[in-house]
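# Survey of secondary and tertiary structure
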Amino acid sequence: MTSNIAYMGGVKSLKDIDVTGKRVLIRVDFNVPMDSQFNISDDSRIRAALPTINYCIDHNACSITLVSHLGQPKGGYDERFTLRHIQKRLERLLEKKIEFIDNLETLRGENSKCSIERIFLLENIRFFEGEKKNDPAFCKELADLCDVYVNDAFGTSHRKDASTYGIADYASIKVAGFLMMREIEAFTKALEKPIRPIALVIGGSKISSKITLLTSVMEKVDKLIIGGAMSNTFLRALGYEMQESLFEEEFVETAAKVLEEAKRHKVKVYLPVDVVITDSIDHPVDVKVVPVQDVLAGFKAVDIGPATLKLFSEAIELSNTIIWNGPMGIYEINQFSKGTYKLAGAIADCYAYSIVGGGDTADAVEKAGEKENFSFISTGGGASLELLEGKILPGFEKLDRISD
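The following refers to the structure shown.

The rules behind the values
- Residues numbered from 1 in each chain as written.
- Predicted model: local features only at pLDDT ≥ 70, side-chain atom pairs only at ≥ 80, totals over all residues.
- Heavy atoms only, no water.
- Core = buried A, V, L, I, M, F, W, Y, C linked by side-chain atoms within 4.5 Å.
- Buried < 20%, exposed > 50% of the residue type's maximum accessible area, 1.4 Å probe, protein only.
- Helix = DSSP H or I, 4+ residues; strand = E, 2+ residues; numbered from the N terminus.
- Contact = heavy atoms within 4.5 Å.
- Phe/Tyr/Trp six-rings, centres within 6.5 Å; stacked < 30°, edge-to-face > 60°.
- Lys NZ or Arg CZ within 6 Å of the ring centre and 35° of its normal.
- Lys, Arg positive; Asp, Glu negative; His and termini not counted.
- Salt bridge = Lys/Arg side-chain N within 4 Å of Asp/Glu carboxyl O.
- Pairing = 2+ DSSP bridges.
- Right-handed = clockwise from strand over helix to strand, strands pointing away.
- Polar contact = N/O pair within 3.5 Å; in protein donor to acceptor, adjacent residues only side chain to side chain.
- Axes fitted to C-alpha atoms, helices over the stretch in contact; angles between N-to-C directions.

### A closer look at the nonpolar core
Leu 142, Leu 200, Leu 214, Leu 224, Phe 234, Leu 387 and Phe 396 are the most contacted members of the largest nonpolar core, which has 71 residues in total. Examining the composition of this core, we find that 7 residues originate from one element, helix H7 (residues 178–192), more than from any other. When sequence neighbours within four positions are dropped, the list of residues in contact with Phe 234 reads Ile 207, Leu 214, Ile 226, Ala 255, Val 258, Leu 259 and Leu 271. Membership of the second largest hydrophobic core comes to 33 residues, among which are Val 24, Val 28, Phe 30 and Tyr 55.

Structure representation (structure tokens):
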């Protein structure tokens, strides 16, 4: 049976077609963080799209239309999320003039005047009503803007939106961009052709959001390292009193079943043995380290402790492939960031093939100063999670295939 990753790896990429003289529409992911003055604080996602854009420029595409979302606007135009904030940075990185267009009618007219190296940036696609609805009429409008559709937005490839999914029903040629292919190649190396033992490091706040992942990876991994607030639910399942710590009471029984399933598959599970606790997250007065069985009344666990870090680091050091999704604590607050940052350092220092599953984890690795020391950092949090769960991502589902 073909795995989800092998299936997605079988789609055609940009290199499998000829874009010369063609109108190319590229779905990119320019959903970058900005401060209150709309200054871009991290342009990694823009940089990640450059190889695909430059390939189309270098191979004489007739025109290039870039389509992206930014944030989650509600009900049309919102100044905070206009892609005009992206235009100058994109021009600087590409060293090309970018024409910003805020409606499809104007874009359709300009796009028909074919001219080498003419690059259009369409306004935030989520300002258009048909995007989130995956409206067929809107999908067709988008497809009519191009001869070639390229999906290079891995971060939204788990969404069935018009620009990431529905457009492929109407585009005559639809392929994956280089970023999409790099993502699949990285996960193929980690899951399809791994060097064992494989350690899956899972953190974040909720077991409910990762239960499918936890149950689907048992046959693929050798070690399961669980931290973050979600570990509180597992500790509760083992009978520990977690006091005011965040945990999901309704998933305590599920956590117990996961531990049993891991035992059945001979997967070694690592849970915290000590935690950092505090009387308040927003205004901490009392912060201390205690064994997991000694969390004080009125206190909450907010990070893994030093003994846990040592335990996790030793497990990681003896692994050859490491996949990490989810921080070990509230890393956004400096007092509670040590566990996440030091674990990032431990993974970076070992000789394993290491993948970070996007989202908060990628942000934490960046802040820890370890970004360059990981084998691969995914650009998609939710997308990488669903990929690990064994799903075929919608963004790959309708693309042309090499075998066709």
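That shown, we press on.
### Looking at the packing of aromatic side chains
By the definition in use, this model includes 4 aromatic pairs. In this arrangement the basic side chain of Lys 268 is found over the ring face of Tyr 270, its NZ or CZ atom lying 5.5 Å from the centre. Cation over ring: Arg 401 sits above Tyr 7, and NZ or CZ is 3.8 Å from the ring centre.

### Brief notes about the side chain of Glu 370
Looking at the secondary structure, you find Glu 370 in the loop between helix H13 (359–367) and strand E15 (376–377). It turns out Glu 370 is buried and unbridged, and the closest side chain with the opposite charge, Lys 342, is 12 Å from it. Once residues within four sequence positions are removed from consideration, Glu 370 is found in contact with Ala 344, Gly 345, Ala 348 and Val 365.

### Overview of the pairing of strand E1 (residues 23–27)
The buried fraction of E1 is high, at 4 of 5 residues. Relative to strand E2 (residues 63–67), E1 runs parallel, the two sharing 5 bridges. Following the sheet pairing, Arg 23 is matched in E2 by Ser 63. For the handedness criterion, the β-α-β arrangement of E1, helix H2 (residues 44–58) and E2 is classed as right-handed. Of the strand pairs in this sheet, E1 and strand E5 (residues 148–151) are connected by 4 bridges, and their pairing is parallel. The residue bridging Arg 27 from the neighbouring strand is Asn 151, located in E5.

### What about unusual backbone geometry?
Geometrically, the link from Arg 196 to Pro 197 is a cis peptide bond, its omega value of 5 degrees lying close to zero. Here Pro 197 is to be found in the loop between H7 and strand E7 (198–202). We note that Phe 38 has phi near 65 degrees; this positive angle belongs to a residue other than glycine. Inspection of the secondary structure assignment puts Phe 38 in the loop between E1 and H2.

### Points about helix H3 (residues 84–94)
Taken as a whole, H3 has its buried residues at His 85, Ile 86, Gln 87, Leu 90, Leu 93 and Leu 94. Those residues of H3 hidden inside the fold are in contact with H2, E2, strand E3 (98–101) and strand E4 (118–122).

### So, the side chain of Ser 3
Structurally, the position occupied by Ser 3 is in the segment before helix H1 (4–8). Separated by 3.1 Å, the side chain of Ser 3 and the backbone nitrogen of Ala 6 make a polar contact. Side chain to side chain, Ser 3 and Glu 192 meet in a polar contact 3.0 Å long.

### A closer look at the sheet that holds E1
The 6 strands are arranged E3-E4-E2-E1-E5-E6 in an open sheet whose pairing can be described as parallel. Only two strands of the sheet have a single neighbouring strand rather than two, namely E3 and strand E6 (174–176). Adjacent strand axes in the sheet meet at a mean angle of 25 degrees when their direction is disregarded. Sheet strands touched by helix H4 (residues 104–111): E1, E2, E3 and E4. Its angle to E4, the strand with the most contacts, is close to 170 degrees.

### A short note on the sheet that holds strand E11 (residues 287–291)
On the basis of which strands lie adjacent, the open sheet formed by 3 strands has the order E11-E10-E12 and antiparallel pairing. Sheet topology places E11 and strand E12 (300–304) at the edges, where each strand pairs with a single neighbour. The mean inter-strand angle of the sheet, taken between neighbouring strand axes irrespective of direction, is 40 degrees. Relative to E11, strand E10 (residues 274–278) runs antiparallel, the two sharing 5 bridges. Bridge pairing in E11 links Ile 277 to Lys 288.

Nothing here speaks to function; it is geometry throughout.
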